[in-house]
Amino acid sequence: MSQYEFDDLLEKYLSGQCTPAEEKLVLAWYKSFIDESEIALSAEEKQRIESRIWLNVATTVSSGTPVVRMWPRRIIRIAIAGCLLLAVAGGWYRMSHRQTAPGELTFTDEPVPGGYVSVNNTNETDQEVALSDGSHVKLEPGSVMYYPPVFSGHTRDVYLSGNAFFQIAHDTSKHFIVHTSEGILAEVLGTSFYVSHDKQHHKVEVSVVTGRVSVYERKKKNDSLFTASTESIIITPNQKVSFKPENNQFTTSLVDDPKPVMTEEKPASFNFEESSLETVLKTLENTYAITITTDNEHFNHCQFTGDITKQNLYEKLDIICQSIQASYEVKGTTIYIKGKGCN
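The shown structure was predicted, so the numbers you read here are calculated from the model rather than taken from an experiment. (Residues numbered from 1 in each chain as written. Predicted model: local features only at pLDDT ≥ 70, side-chain atom pairs only at ≥ 80, totals over all residues. Heavy atoms only, no water.)

(A) Region of the structure containing the overall build of the protein chain. Per the secondary structure count, the protein chain includes six helices and 21 strands. Across the 343 residues of the protein chain, 38% fall into the buried class. In the protein chain, once contacts between residues fewer than 6 apart in sequence are set aside, the share between residues at least 24 apart is 51%. (Helix = DSSP H or I, 4+ residues; strand = E, 2+ residues; numbered from the N terminus. Buried < 20%, exposed > 50% of the residue type's maximum accessible area, 1.4 Å probe, protein only. Contact = heavy atoms within 4.5 Å.)

(B) Representation of the pattern of salt bridges. Scanning all chains against the criterion turns up seven salt bridges. A salt bridge links aspartate 133 to arginine 156; the nearest nitrogen and oxygen atoms lie 2.5 Å apart. Placement of aspartate 133 in the loop between strand 4 (127–130) and strand 5 (136–139) and of arginine 156 in strand 7 (residues 155–161) is noted, with a sequence separation of 23 residues between them. Aspartate 133 gets classed as partly exposed once you look at its relative accessible area, which sits at 24%. Close ionic contact of aspartate 257 with lysine 259 constitutes a salt bridge, the shortest N to O distance being 2.9 Å. Sharing partners across several salt bridges, the network here consists of Lys203, Glu205, Lys240 and Asp256. (Salt bridge = Lys/Arg side-chain N within 4 Å of Asp/Glu carboxyl O.)

(C) Structural view of the nonpolar core. Met145, Phe166 and Phe193 are the most contacted members of the largest nonpolar core, which has 30 residues in total. Counting 24 residues, the second-largest nonpolar core is a separate cluster that includes Val280, Leu284, Phe299 and Leu313. (Core = buried A, V, L, I, M, F, W, Y, C linked by side-chain atoms within 4.5 Å.)

(D) Here's a closer look at the side chain of lysine 203. With respect to the secondary-structure elements, lysine 203 resides in strand 12 (residues 203–210). In this structure the side chain of lysine 203 is engaged in a polar contact, spanning 3.5 Å, whose partner is the side chain of glutamate 205. Those residues in contact with lysine 203, other than ones at most four positions away along the chain, are Ser196, His197, Asp198, Ser242, Phe243, Lys244 and Pro245. (Polar contact = N/O pair within 3.5 Å; in protein donor to acceptor, adjacent residues only side chain to side chain.)

(E) Highlighting the packing of helix 5 (residues 277–288) against helix 6 (residues 313–323). Where helix 5 meets helix 6, the closest approach of the two axes is 12 Å, and the angle between their N-to-C directions is 175°. Classified by the angle between their axes, helix 5 and helix 6 sit roughly antiparallel to one another. Residue-level contacts link Leu277, Val280, Leu284 and Tyr288 of helix 5 to Leu313, Lys316, Leu317 and Ile320 of helix 6. (Axes fitted to C-alpha atoms, helices over the stretch in contact; angles between N-to-C directions. Parallel < 35°, antiparallel > 145°, perpendicular 65-115°, else oblique.)

(F) Fine view of helix 6. Leu313, Tyr314, Lys316, Leu317, Ile320 and Cys321 are the residues of helix 6 that are buried. Looking straight down helix 6, one finds that the buried residues subtend no more than 150° of arc, so they occupy a single side. Lining the buried residues of helix 6 we find strand 16 (249–254), helix 5, strand 19 (303–307), strand 20 (326–331) and strand 21 (334–339). Taking the backbone nitrogen of tyrosine 314 as reference, a side-chain oxygen 3.1 Å away marks asparagine 312 as the first, capping residue of helix 6. Glutamine 325 sits one or two positions beyond helix 6 and adopts a positive phi of about 55°. (Arc of directions from axis to C-beta.)

Written as structure tokens, this is what we have:
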């Protein structure tokens, strides 16, 4: 049957003029789209899809759209698009509202263990998730996490696709491990940190708020031991590590907006009166847990006066450097002060 003959046949079907044999042919064509889908659908779901598609087609016909030679091809495209759209939507809905069976879901070549449950944040705000060990996760919109109802075994493992902030309950006997969809693992004992996925630049980032995090690439597919290799990277507060899967490259740097590291001691004062530059920089280092160095011994003669309490770290550095005619540069996790220094 040629394309034009099939166009005519479909037009006859929509107008109710098909013979039983012709009607069987049209329905067989439609059924092929549903049955060949890679998404498993129940008979009830397939029936709903079929009804929805033909309802849309019938609505198009009854709207008085002029019928021309190429019009049936538009009908075909509507039906095909409807099949694909509704099938994908139905499959996604079922995937996001079910428990994960053993070996059923593959997470970057790594199967999510059986018995895990999932939470899919479809809201426009962050969603709080409480874990059985007392840890808390703030799951950002559009993110999915898989976790066990109760942690068992030697480690506490969760699987994340998207962005989340973790506050992990301390347990030296069971490391907490976040498996990302890019195959990167973040391992901690008890700390708080962010895991984020930059889809635009195809990279995953782990940044630390408190404590220490070990970040490393998951071992090869057939290796069942998920332990840190010699290439693991340890990051501390106000540090982050980025990973690009396409070149397996790790890059460490400072977070975009470093925050004071919480301590039990009295908060440091940033109101300086003719203080040496060494004292000022040491105060910043201790407060933000960041290394700051100078490249000229003449900076030892510099003094600074001013109240920079309300400014963030980089604004503080801008003000300090302007007062001594210097500049600063961030390389990796270290800040370098550059200039002639003071006489």
